[in-house]
Amino acid sequence: MCGGSGSDFYFVFFFVIFLASLGERAELTAVGAALAAGASVFFLHGANVWDTGMWLRVPFFLVTALTYGYLTTNARQARSRAEAAEAVLALKTTFLATLSHEVRTPLNVIVGYTDMMREGLLGELVAAQRDALDKMSTHSFELLELVDRTLKASRLESGGMPVHLGEVHVDAVLEEVQLAVSRHCKADVDLSLRTQAGIPPVVTDRLKLKEIVANLVTNALKYTDKGAVTVDARWAPRDRCVEIMVRDTGLGIRPEERQAIFEPFTRAREADARCTPGVGLGLFIVGRLIELLRGELRVESEPGCGSTFTVRIPQRLEEVPNVA
Ligand code: ADP
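Residues numbered from 1 in each chain as written. Predicted model: local features only at pLDDT ≥ 70, side-chain atom pairs only at ≥ 80, totals over all residues. Heavy atoms only, no water.

Caption draft 1: Looking closely at the domain arrangement of the protein chain. Along its sequence, the protein chain is carved into domain 1 (7-82), domain 2 (93-158) and domain 3 (166-314). Using only C-alpha atoms to locate each centre, domain 2 and domain 3 end up separated by 24 Å. Summing both partners gives a buried area of about 1100 Å² for domain 2 against domain 3, and 65% of it is carried by carbon and sulfur. When the buried area of domain 2 at its contact with domain 3 is split by residue, Arg149, Lys152 and Leu156 rank highest and sum to 51% of it. At the boundary of domain 2 and domain 3, one finds two salt bridges. Lys152 is the partner of Glu211 in a salt bridge, and the nearest nitrogen-oxygen pair spans 2.9 Å. Taken together, the links from domain 2 to domain 3 amount to three residue pairs in polar contact (both at pLDDT 80 or more). For the side of domain 2 that touches domain 3, the class distribution of residues is four nonpolar, one polar and five charged. (Domains from an automatic or database assignment. Buried area = accessible area lost by both parts, 1.4 Å probe. Salt bridge = Lys/Arg side-chain N within 4 Å of Asp/Glu carboxyl O. Polar contact = N/O pair within 3.5 Å; in protein donor to acceptor, adjacent residues only side chain to side chain. Nonpolar A, V, L, I, M, F, W, Y, C, P; charged D, E, K, R; others polar.)

Caption draft 2: How the structure looks around the layout of surface pockets. In this structure, the largest pocket spans a volume of roughly 710 Å³. Considering the residues around the largest pocket, the lining is formed by 21 residues, among which Glu145, Asp148, Lys152, Glu211 and Ala214 are closest to the centre. At the level of elements, helix 4 (127-157) and helix 6 (206-222) are the ones that each hand at least two residues to the lining of the largest pocket. It is helix 6 that contributes the most residues to the lining of the largest pocket, seven residues altogether. Taken together, the residues of the lining of the largest pocket break down into eight nonpolar, four polar and nine charged. Formed jointly, the lining of the largest pocket draws a minimum of three residues from each of two domains, domain 2 (93-158) and domain 3 (166-314). Size it by volume and the second largest pocket reaches roughly 420 Å³. In this structure, the second largest pocket is lined by 19 residues; those nearest its centre are Glu142, Glu145, Lys222, Pro277 and Gly278. When contributions to the lining of the second largest pocket are tallied by element, the ones reaching two or more residues are helix 4 and helix 6. When residues of the lining of the second largest pocket are assigned to their parent elements, the largest contribution, seven residues, is made by helix 4. (1 Å grid on protein atoms, 1.4 Å probe; cavity = no way out; pocket = protein on both sides within 12 Å on 5 of 7 lines; lining within 4 Å. Points joined across faces, edges and corners; volume = space filled by probe spheres on them. Helix = DSSP H or I, 4+ residues; strand = E, 2+ residues; numbered from the N terminus.)

Caption draft 3: How the structure looks around the nonpolar core. Counting 44 residues, the largest nonpolar core has Val170, Leu209, Ile212, Val213, Leu216, Val217 and Ile244 as the members making the most contacts within it. Elements with a contribution of two residues or more to this core: helix 4, helix 5 (170-180), strand 2 (189-195), helix 6, strand 4 (227-236), strand 5 (241-248), helix 8 (282-292) and strand 7 (306-314). Here this core takes eight residues from helix 6, the largest share from any one element. Setting aside residues up to four positions removed in sequence, Val217 forms contacts with Val177, Val181, Leu191, Val229, Val231 and Val246. The next biggest cluster of nonpolar side chains, apart from the first, holds nine residues, and it includes Val16, Ala30, Ala33 and Ala36. (Core = buried A, V, L, I, M, F, W, Y, C linked by side-chain atoms within 4.5 Å. Buried < 20%, exposed > 50% of the residue type's maximum accessible area, 1.4 Å probe, protein only. Contact = heavy atoms within 4.5 Å.)

Caption draft 4: Examining the sheet that holds strand 5 more closely. Spatially, 2-4-5-7-6 is the arrangement adopted by the five strands of the open sheet, whose pairing is mixed. The open sheet has two free edges, formed respectively by strand 2 and strand 6 (296-302), since each of these has just one partner strand. Averaged over neighbouring strand pairs, the angle between their axes works out to 10° when direction is ignored. Looking at chain direction, strand 5 and strand 7 are connected through seven bridges and run antiparallel. Along strand 7, the bridge assignment pairs Met245 with Thr310. Helix 6 rests against strand 2, strand 4, strand 5, strand 6 and strand 7 of the sheet, and its axis sits at about 20° to strand 5. (Pairing = 2+ DSSP bridges. Axes fitted to C-alpha atoms, helices over the stretch in contact; angles between N-to-C directions.)

The structure is reproduced here in structure tokens:
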């Protein structure tokens, strides 16, 4: 503004920024900038260099180069960290998907043949053989479930799960859930599923809704030794959504663990201590599926008394604004 800087000042200034954007290390850029500034003073104002304030340019450009160099190095490092993390995620997803497919096919064959033998299709069985086959069937089914969940979790994590909309009747979904969870029913636990009359059909993804409820009911049965598991579906007219409440009288969840159990491979301490089968993927999948259906999930629980998981699903998914 006071005319003290000539065009060579701006030339060196842009040269320094250019150096900083190219340079791998901020210190080298700073040295380059200081040399450029010194050279410009020496060659352009060579006659009276020692008594000129021009030398102030040297520290000025040194600091400028350090600042720009630091900023660009930081930005470059952040970008390469993000690229590395993306590559690891892609590799993990591919690995999980391949592994799950490779394990899934032979496991299905084992489950199929075990069932045929249990049903006596391959010859009569004595009691001990039937007992052994029952155990084989239970464990291979658990393994199959684990593989399926791993595969599903990796697909959900990579965002590769499409939503298929259709008109869904909640009472029909609950009937399917009852069938799907029958394997987990226990003699000392009453399971009842109730649907309020007059719930309008819902436009959503039927299989995903069924999976969400089936997962919650399976958990309720798994973590309840005695008492009841009740499922209540009702219509909430004010919010135009269907509310499905899964209540149990089981183990309960401590307040400090209520958030963490939605993380993949995370289980509450109690569940782990009791050696209940499971790996901690069910609620992670539930959470992601509810996100896809633009729903909500609420958990209330009293350790030792039971838990209530409440799912709310909008009546028409296509009318919900596309919230990130
Ligand atoms: P998994 O049941 O395979 O361990 P989930 O992701 O379904 O995995 O559940 C995570 C954890 O949340 C469980 O290990 C258990 O500790 C806890 N949990 C889930 N549902 C219930 C429930 N109804 N009652 C008590 N604890 C539960």
